[in-house]
Amino acid sequence: TDSIVNFWVGPAGNYTPLHFDKYANLFVQIVGRKQFFLVDPRYLKEQSNTSSIDIDELEKSKQFPVGQLILNPGDALIIPK
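The structure reproduced in this document is the subject of the present report. (Residues numbered from 1 in each chain as written. Predicted model: local features only at pLDDT ≥ 70, side-chain atom pairs only at ≥ 80, totals over all residues. Heavy atoms only, no water.)

A few words now on the overall build of the chain. When its secondary structure is counted, the chain shows 1 helix and 4 strands. In sequence order, the chain lays out its α and β elements as β-β-α-β-β. As displayed, the chain has an accessible area near 6,800 Å², and 55% of this comes from carbon and sulfur atoms. (Helix = DSSP H or I, 4+ residues; strand = E, 2+ residues; numbered from the N terminus. Areas by Shrake-Rupley, 256 points an atom, 1.4 Å probe, with all protein chains shown as cover.)

Checked against the element boundaries, Gln29 lands in the loop between strand E1 (25-28) and strand E2 (34-38). The residues contacting Gln29, other than those within four sequence positions of it, are Lys34, Leu71, Asn72, Pro73, Gly74 and Asp75. (Contact = heavy atoms within 4.5 Å.)

Quick look at the layout of surface pockets now. Quantified by volume, the largest pocket comes out at close to 1,800 Å³. Around the largest pocket, the lining is made up of 44 residues, and of these His19, Phe27, Lys34, Phe36 and Ile79 lie nearest the centre. Mapped by element, the contributors of at least two residues to the lining of the largest pocket are E1, E2 and strand E4 (76-79). At 5 residues, the largest contribution of residues to the lining of the largest pocket is made by E2. (1 Å grid on protein atoms, 1.4 Å probe; cavity = no way out; pocket = protein on both sides within 12 Å on 5 of 7 lines; lining within 4 Å. Points joined across faces, edges and corners; volume = space filled by probe spheres on them.)

By secondary structure assignment, the location of Lys34 is in strand E2. The charged side chain of Lys34 is buried without a salt bridge, its nearest counter-charge being Asp21 at 11 Å. Looking at Lys34, its side chain comes within polar contact range of the side chain of Thr16, at 3.4 Å. Not counting residues within four places of it along the chain, the set of residues in contact with Lys34 comprises Asn14, Thr16, Phe27, Gln29, Leu69, Ile70 and Leu71. (Buried < 20%, exposed > 50% of the residue type's maximum accessible area, 1.4 Å probe, protein only. Lys, Arg positive; Asp, Glu negative; His and termini not counted. Salt bridge = Lys/Arg side-chain N within 4 Å of Asp/Glu carboxyl O. Polar contact = N/O pair within 3.5 Å; in protein donor to acceptor, adjacent residues only side chain to side chain.)

Pasting the structure below:
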């Protein structure tokens, strides 16, 4: 099978909107911290890859569960597709 490999580098203060990827991801935090908001993709199935949902409003509305975590230097997170 073919492998898909992407490598992303973000500067300080980088913001990634709520979205989903077609492939599994391994996220490794090298320097600084990164906050993640994790949402069951079934709640986003009507959205395109990048959602127009505002995560702050989503948290306040309590429409569905939103998991949060912060990665520190040396932490890794496996995110299934």
